[in-house]
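Spelled out from the first residue to the last, the chains are:
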Amino acid sequence: MFRTQAAIVAPAAAVEQLPGEAHLLQNYARAPIAIVRGEGCELVDANGTRYLDMVAGIAVCALGHAHSAITEAVATQAATLVQASNLFYHEPAGTLANELARRSGLERVFFCNSGTEANEAAIKLARKLAFRKGETQRRTILACTGSFHGRTMGALAATENPHYHEGFEPLPGGFAFTPFNDVAALESAIDETTAAFIVEPVQGESGVKPASPEFLAAARRLCDAHGALLIFDEIQCGMGRLGTLFAFQTFGVRPDAVTMAKALANGLPIGAVLIDAKASRALQPGDHGTTFGGSPVPCAAALAHLRVRDASDFDAHVKAMGTLLRGGLAAIAERYPDVFEAPRGIGLMLGLPVRPPHAAKIFVDRARESHQLLLNAAGDNTLRFVPPLVIDEAQIEKSLSLFPILLKHTL
Ligand SMILES: Cc1ncc(COP(=O)(O)O)c(C=O)c1O
């Protein structure tokens, strides 16, 4: 029997405290506030409370919230062309691919919609490249301990933390792990069966841990020696966060493929894989694709982002603000040695490790509730600082000045 429309309408709605609380899947530990607006480095909740945002949508809104250049680019593009499919060329994706290729020195760009999809595409690219070369033994995707590459099955299989795997097995086979920053272990791990080595130049989710320059240089040398593809996952640490447009420029090591997402379009959903000439013919028509990948609005936003970067010495600003924030965090760690370890990170991707029995999560909650400061906890009990890259001196000083009182109330 068919149910009437009335019968399938949800029961009378309870008065909701938070938008969607009753029906949004509870797969996120959301804080109990509803954000209605963003302005620069601040977010505003439904009660009108303003928060200083040191999270930036998790390393996304590099230019801050509601940047006028992004808003205008999105509005103009939305009024012109929103979707044409990948059956055709269009100007925003074409221009963005040209710009990313020119700036990176890599040859071709594949667009998708998120970070995990970018890594998924890079993994498929590496396997298909080996297949096309007739190297049937070359199947293994090698990743690092502490890695995070996303939540789809392939990207998840390249993510080492067992916590993310639990209950989702069996994961795809052909993935292996080598200790992060251990050159000797990498030497024995890469061989003729390695299709690709994928690495975050600065690990984000595991608690802001930079690769050593020697480790990345060794990765380049070993991938060359054994014919494996070197993939840098710059989804969190790229797009200016370290003080260079690409993280690989900070380390002076050129990978064969770079995956990007997060900050690329300053908040619009987009992912990208930048691919060196030696691998760019691996994927042929029909091999891989996505309906929305490279659609005009996110591409227009990403182009606007690049133009804003070009208009000032953006990287110098990131380096200066990163030095200021890091210095302040180091002073806090020195003042409270029982609570914090020395900060880690590069540019405006910084982590302040919290010593047990103290919990980073408690500081995050208390900072938001009592001090209107938005922080985030990552990995093994670390406070992660990934603010908008446009953050200024006064905002950094303000966030640092809140710490003594935050500690007084929390400890
Ligand atoms: C290094 C890294 N790779 C991949 C991902 C997955 O990106 P997304 O959440 O856009 O799928 C993330 C997300 O945090 C990340 O930090």
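For clarity, every value in this text was computed on a predicted model and none was experimentally measured.

Q: Would you mind going over the packing of aromatic side chains with me for this structure?
A: Given two aromatic rings, their pairing is described by the distance between the two centres and the angle made by the two planes. The final tally for this structure, using the stated rule, is seven aromatic pairs. Aromatic pair Phe 197 and Phe 215: ring centres 6.1 Å apart, planes at 85°, arrangement edge-to-face. Of this pair, Phe 197 sits in strand E7 (residues 194–199) while Phe 215 sits in helix H9 (residues 213–226); the two residues are 18 residues apart in sequence, bridging distant segments of the chain. Taken individually, Phe 197 and Phe 215 each receive the classification buried, so the pair is uniform in this respect. Ring centres of Phe 340 and Phe 363 lie 5.6 Å apart, and the angle between their planes is 40°; on these two criteria the pair is classed as tilted. You can see Phe 340 sitting in the loop between helix H12 (314–335) and strand E13 (344–346) and its partner Phe 363 sitting in helix H13 (residues 360–371), a full 23 residues away along the chain.

Q: Would you take a moment to explain the pairing of strand E1 (residues 35–39) for this structure?
A: Residues in a regular strand project their side chains so that they alternate between the two faces of the sheet. Inspection of the sheet shows E1 paired to strand E2 (residues 42–45) by four bridges, in the antiparallel sense. The partner of Gly 38 across the bridge, within E2, is Leu 43. Here E1 hands over to E2 after two residues, with Gly 40 in that stretch at a positive phi of 60°.

Q: Just to check I follow, could you spell out the side chain of Arg 138 for this structure?
A: The topology assignment puts Arg 138 in the loop between helix H5 (115–132) and strand E5 (140–144). Among the polar contacts listed, one links the side chain of Arg 138 to the backbone oxygen of His 226, at a separation of 2.9 Å. A polar contact of 3.3 Å, which involves the side chain of Arg 138, links it to the backbone oxygen of Gly 227.

Q: It is not clear to me how the packing of H12 against helix H14 (residues 393–410) should be interpreted in this structure. Could you clarify?
A: For the pair H12 and H14, interaxial distance at closest approach is 10 Å and the crossing angle is 10°. Put simply, H12 runs roughly parallel to H14. For the pair H12 and H14, the contacting residues are Met 321, Leu 324, Leu 325, Gly 328, Leu 329, Ile 332 and Arg 335 in the first and Glu 393, Ile 396, Glu 397, Leu 400, Phe 403 and Pro 404 in the second. Class assignment for the residues of the contact of H12 with H14 results in nine nonpolar, one polar and three charged.

Q: What am I meant to see in the site of the ligand here?
A: Contacts to the ligand come from 13 residues, most closely from Gly 115, Thr 116, Asp 233, Gln 236 and Lys 262. A distance of 2.9 Å separates an oxygen atom of the ligand from a polar atom in the backbone of Thr 116. Interatomic distance of 2.8 Å between a side-chain N/O atom of Gln 236 and an oxygen atom of the ligand. For the ligand, whose accessible area on its own is 390 Å², the fraction buried by protein is 82%. Ranked by residues supplied to the shell around the ligand, first place goes to H5 with three residues. Classifying every residue of the shell around the ligand by side-chain character gives two nonpolar, seven polar and four charged.

Q: Sorry, what's going on with the sheet that holds strand E17 (residues 382–385) here?
A: As a general point, the strands of a sheet are linked pairwise by backbone hydrogen bonds and lie either parallel or antiparallel. Across the sheet, four strands lie side by side as E13-E14-E17-E16; this open sheet has antiparallel pairing. Each end of this open sheet is capped by a strand with a single partner; those strands are E13 and strand E16 (376–378). Each adjacent strand pair in this sheet contributes to an overall mean axis angle of 30°, direction not counted. In this sheet, strand E14 (residues 349–353) lies alongside E13 in antiparallel orientation, the contact comprising three bridges. Counted as the bridge partner of Arg 344 is Gly 351 from E14.

Q: Whenever I open this one, the side chain of Thr 244 confuses me. Can you help?
A: When you line up the elements, Thr 244 lands in the loop between strand E10 (229–233) and helix H10 (247–251). Overall, Thr 244 belongs to the buried group, its relative accessible area being 15%. Of note is the side chain of Thr 244, whose polar atom sits 2.7 Å from the backbone oxygen of Phe 246. Among the polar contacts made by the side chain of Thr 244, one reaches the side chain of Thr 250 at a distance of 2.6 Å. In contact with Thr 244, not counting residues within four places along its chain, are Gln 249, Thr 250, Arg 309 and Asp 315.

Q: So what exactly am I meant to see when it comes to the domain arrangement of the chain here?
A: Where interface size is given, it is often the accessible area lost as the parts come together that is meant. Domains assigned within the chain are domain 1 (35–60 + 315–410) and domain 2 (69–310). For domain 1 and domain 2, the distance between their C-alpha centres works out to 27 Å. Taken together, the 22 residues of domain 1 in the interface contact 25 residues of domain 2. Carbon and sulfur atoms supply 57% of the area buried between domain 1 and domain 2, which totals about 1900 Å² over both sides.

Q: Help me understand the sheet that holds strand E4 (residues 108–112), please; the structure alone is not making it clear to me.
A: Pairing within the open sheet is mixed, and its seven strands lie in the order E4-E12-E11-E10-E7-E5-E6. One side of each edge strand has no neighbouring strand; the edge strands of this open sheet are E4 and strand E6 (175–178). For this sheet the average axis-to-axis angle between neighbouring strands, irrespective of direction, equals 20°. The pairing of E10 with strand E11 (residues 257–260) spans three bridges and is classified as parallel. Directly across from Ile 231, in E11, lies its bridge partner Ala 257. Running over the sheet, helix H4 (residues 91–104) touches E4, E11 and strand E12 (271–275) and is turned about 130° from E4.

Q: Just to check I follow, could you spell out the environment of Arg 151 for this structure?
A: The residue Arg 151 is located in the loop between E5 and helix H6 (153–157) in this model. Arg 151 gets classed as exposed once you look at its relative accessible area, which sits at 56%. Separated by 13 residues in the primary sequence, Arg 151 and Tyr 164 place their C-alpha atoms 8.0 Å from one another. Setting aside anything within four residues of it in sequence, one finds Arg 151 in contact with Thr 116, Leu 156 and Tyr 164.

Thresholds applied
Residues numbered from 1 in each chain as written. Predicted model: local features only at pLDDT ≥ 70, side-chain atom pairs only at ≥ 80, totals over all residues. Heavy atoms only, no water. Phe/Tyr/Trp six-rings, centres within 6.5 Å; stacked < 30°, edge-to-face > 60°. Helix = DSSP H or I, 4+ residues; strand = E, 2+ residues; numbered from the N terminus. Buried < 20%, exposed > 50% of the residue type's maximum accessible area, 1.4 Å probe, protein only. Pairing = 2+ DSSP bridges. Polar contact = N/O pair within 3.5 Å; in protein donor to acceptor, adjacent residues only side chain to side chain. Axes fitted to C-alpha atoms, helices over the stretch in contact; angles between N-to-C directions. Parallel < 35°, antiparallel > 145°, perpendicular 65-115°, else oblique. Contact = heavy atoms within 4.5 Å. Nonpolar A, V, L, I, M, F, W, Y, C, P; charged D, E, K, R; others polar. Near = heavy atom within 4 Å. Areas by Shrake-Rupley, 256 points an atom, 1.4 Å probe, with all protein chains shown as cover. Domains from an automatic or database assignment. Buried area = accessible area lost by both parts, 1.4 Å probe.

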